[in-house]
Amino acid sequence: MACSGLLSNSFIANKCFRPRRHHKLAVPYPRSFSSSRVHLAQNLGISMSMEENGAAKQGLDVSRKKLPHVLTVAGSDSGAGAGIQADLKACAARGVYCSTVITAVTAQNTVGVQGVNIVPDEFVAQQLKSVLSDMEVDVVKTGMLPSIEIVRVLQQSLKEFPVRAVVVDPVMVSTSGDVLADPSILARFREELLMMADIVTPNLKETSTLLGGMRLETVDDMRRAAKLLHSMGPRSVLVKGGDLPESFDAVDVFFDGEEYHELHSPRVKTRNTHGTGCTLASCIAAELAKGSSMLSAVKLAKRYVETALEYSKDIILGNGAQGPFDHFLRLKHNTSTGGTFSGNELFLYAVTDSGMNEKWERPMEVAVKEAIEGGATIIQLREKDAETRKFIETAKACLKICHPYKVPLLINDRIDVALASDADGVHVGQSDMPARVARILLGPDKVIGVSCKTVEQAHQAWLDGADYIGCGGVYPTSTKANNSTVGLDGLKTVCLASKLPVVAIGGINASNAITVLGIGPPNLKGVAVVSTVFARSSVVGETRKLHSMLTEAVLKAN
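The present account deals with the structure reproduced in this document. (Residues numbered from 1 in each chain as written. Predicted model: local features only at pLDDT ≥ 70, side-chain atom pairs only at ≥ 80, totals over all residues. Heavy atoms only, no water.)

**Examining the overall build of the protein**
- The secondary structure content of the protein amounts to 20 helices and 19 strands.
- Restricting the contact set of the protein to residue pairs at least 6 apart, pairs at least 24 apart contribute 67%.
- Of the roughly 23900 Å² of accessible surface on the protein, 53% is carried by carbon and sulfur atoms. (Helix = DSSP H or I, 4+ residues; strand = E, 2+ residues; numbered from the N terminus. Contact = heavy atoms within 4.5 Å. Areas by Shrake-Rupley, 256 points an atom, 1.4 Å probe, with all protein chains shown as cover.)

**So, the sheet that holds strand E16 (residues 447-452)**
- The strand order E12-E13-E14-E15-E16-E17-E18-E19 describes a closed barrel built from 8 strands, whose pairing is parallel. Across the sheet, the mean angle separating the axes of adjacent strands is 25° when strand polarity is ignored.
- Examined bridge by bridge, strand E18 (residues 502-505) and strand E19 (residues 524-529) share 3 bridges and lie parallel to one another. Following the sheet pairing, Val-503 is matched in E19 by Gly-526.
- Across the sheet, helix H16 (residues 455-463) is in contact with E16 and strand E17 (468-472); its angle to E16 comes to roughly 165°. (Pairing = 2+ DSSP bridges. Axes fitted to C-alpha atoms, helices over the stretch in contact; angles between N-to-C directions.)

**Observations regarding the packing of aromatic side chains**
- Tallying each qualifying case throughout the model produces 2 aromatic pairs.
- Taking the centre distance of 4.3 Å and the plane angle of 20° together, the rings of Phe-255 and Tyr-260 count as stacked.
- By relative accessible area, which is 5% here, Phe-255 ends up buried.
- A cation over a ring is seen here: Arg-223 above Tyr-260, with NZ or CZ 4.4 Å from the ring centre.
- Lying across the ring of Trp-462, Lys-499 places its NZ or CZ 4.8 Å from the centre. (Phe/Tyr/Trp six-rings, centres within 6.5 Å; stacked < 30°, edge-to-face > 60°. Buried < 20%, exposed > 50% of the residue type's maximum accessible area, 1.4 Å probe, protein only. Lys NZ or Arg CZ within 6 Å of the ring centre and 35° of its normal.)

**Brief notes about the pairing of E18**
- Side chains of E18 alternate between two faces, with Val-502 and Ala-504 and Val-503 and Ile-505 buried alike.
- Alignment of E17 against E18, held across 4 bridges, turns out to be parallel. Counted as the bridge partner of Cys-471 is Ala-504 from E18.

**Structural notes on the environment of Ser-231**
- Note on placement: Ser-231 falls in the loop between helix H8 (219-230) and strand E9 (237-241).
- Residue Ser-231 is classed as exposed on the basis of its relative accessible area, which comes to 61%.
- Along the primary structure Ser-231 and Leu-194 are separated by 37 residues, whereas in three dimensions their C-alpha atoms are 9.7 Å apart.
- Separated by 2.4 Å, the side chain of Ser-231 and the backbone oxygen of Leu-228 make a polar contact. (Polar contact = N/O pair within 3.5 Å; in protein donor to acceptor, adjacent residues only side chain to side chain.)

**Side note on a nonpolar patch on the surface**
- On the surface, a cluster of nonpolar side chains totalling about 290 Å² of accessible area is made up of Leu-419, Met-433, Val-437 and Leu-441.
- Relative to the helices and strands, Met-433 is located in the loop between strand E15 (425-428) and helix H15 (435-442). (Patch = residues over 30% accessible without salt bridge, like charges linked within 9 Å, V, L, I, M, F, W, Y side chains within 5 Å. Salt bridge = Lys/Arg side-chain N within 4 Å of Asp/Glu carboxyl O.)

**So, helix H10 (residues 294-312)**
- With 19 residues, H10 extends 27 Å from end C-alpha to end C-alpha; this agrees with the ideal 27 Å at 1.5 Å per step.
- Along H10, 15 of the 19 residues are buried, which leaves the element largely enclosed by surrounding structure. (Expected span 1.5 Å × (residues − 1).)

**Quick notes on the packing of helix H9 (residues 276-290) against H10**
- Where H9 meets H10, the closest approach of the two axes is 8 Å, and the angle between their N-to-C directions is 140°. Considered as vectors, H9 and H10 are oriented oblique to each other. Where H9 crosses over H10, the two elements pack in a sense that is right-handed. Where H9 approaches H10, its residues Thr-276, Thr-279, Leu-280, Cys-283, Ile-284, Glu-287 and Leu-288 are matched on the opposing element by Met-294, Ala-297, Val-298, Leu-300, Ala-301, Lys-302, Tyr-304, Val-305 and Leu-309. (Parallel < 35°, antiparallel > 145°, perpendicular 65-115°, else oblique. Left-handed = near helix turned anticlockwise from the far one by under 90°.)

**Quick word on unusual backbone geometry**
- With omega at 5°, the peptide bond leading from Gly-472 into Gly-473 counts as cis.
- On the secondary structure map, Gly-473 appears in the loop between E17 and helix H17 (487-497).
- Residue Lys-406 is not a glycine yet carries a positive backbone phi of 60°.
- On the secondary structure map, Lys-406 appears in the loop between helix H13 (388-402) and strand E14 (409-412).
- One non-glycine residue with positive phi stands out, namely Asp-413, at about 70°.
- The exposure class of Asp-413 is partly exposed, given its relative accessible area of 22%.

**Thoughts on the pairing of strand E6 (residues 139-144)**
- Most of E6 is tucked away: 6 of the 6 residues are buried.
- The sheet contact formed by strand E3 (residues 69-77) and E6 spans 4 bridges and is parallel. Note on E6: the bridge partner recorded for Thr-72 is Lys-141.
- Taken together, the 5 bridges between E6 and strand E7 (residues 165-171) define a ladder with parallel strand orientation. Bridged to Val-139 within E7 is Ala-165.
- A crossover connection joins E6 to the parallel E7 through helix H5 (residues 148-160); in handedness this β-α-β unit is right-handed. (Right-handed = clockwise from strand over helix to strand, strands pointing away.)

And the structure:
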């Protein structure tokens, strides 16, 4: 079933990964405008669905949010490190509701699997119908499917109750080497289940098994295997290379039928890796349920697992060779923005300046509030000379202003301040702490931006786990001395090469902002401004004027 566009106060997002449709550029809207979806839709001339119109006429609350919902069809792990239990924890950690259909019950701990009791296929069918007929499932994630009959039951259920996406984790053998599925289901996997998959996520052993014993010893082998698996029907393939020999990094290969992406992360030395495969697939499913694109979902999931492993590397639980890890590191690295960053939040990116505010005898908190009320969609707090304690106090005060509006607050350069204040993320320059290190310190849910001038820097930011890049200076600026410019051509070159959303920075004001946004690349999501907003007497007035001008320009272009 198709997914529908969602309206919010901050921006209008049309995200759809199945079926394949093209949507126009999403346009942010001032936060101070009405929160009514009906009124907002009318303001922008956007048609609501028949269901929403009907509900609105009856006076019902059409702004109620449906919870993103993943259904996992998998086995139960009594040790709770993998299987259904890992799926539940992973989805909960990613802020998504998870229901379950249990296909088998295992006696299992950190030592290995001592027993498997397969659930009768008739009862699996009953579970599937109970959930799918009632609970509006967005994404189905499969794990252990121990018999041909259960695979057949799942296929029939998905034909009767279609969902937006299917994530297939082909669990056949546990990491400890225990067989978890009848080898006879291989043919069924190859011929029918993979055809239904939006993504399949095998590790090296599972990939080799699915491909008849193919040897996988290099990244090139993984790329060939991904292409072969894709030819069997799944829309995307992620071959996981955590066990690849002679590799310093944990390398996964993603293939969508057109492009290969090698996803690198540092290896984490730990025994606590039980359930990583289940968790990765569940995280992908969770992000798809929230509306992410496939590649974005894969990257977010890989980052989450990497951070969870790093956070849990010294946990001692059980006496076996492979222990579980802590899915709920998110409780330690909490974020009030919900853990999902959208490039649309870059639309009007306001960077504070203490000197400019002092000129008008305006406290930082007042400046931030006025910028948000005028339509700023993200705030970067830049305090070059502030004493650390004062910086932290200011950040905490500004967070209290930002979060009721759902506007992220980022800290410029100072990761220590971001951690101490629990800000929503950081923006780092090329001479600051690398984004990869920042990601490990801040966790998977914080926002990380990187200043880039070149294609190479933009690519490295993507590899390091950044969420967006700031490209510039586009024009000369008085806020940074000796800052070289890239111009519009340089900005366009970096945008076209970048896999991340881009915000243009440097020398941008009301006279050139429309020209900057008009250069064309779809991943150029917004402009960053400093003096245009904060050097004026009325921050709210200047911000509102700029936001209105940019919004009108984008609407005309689309």
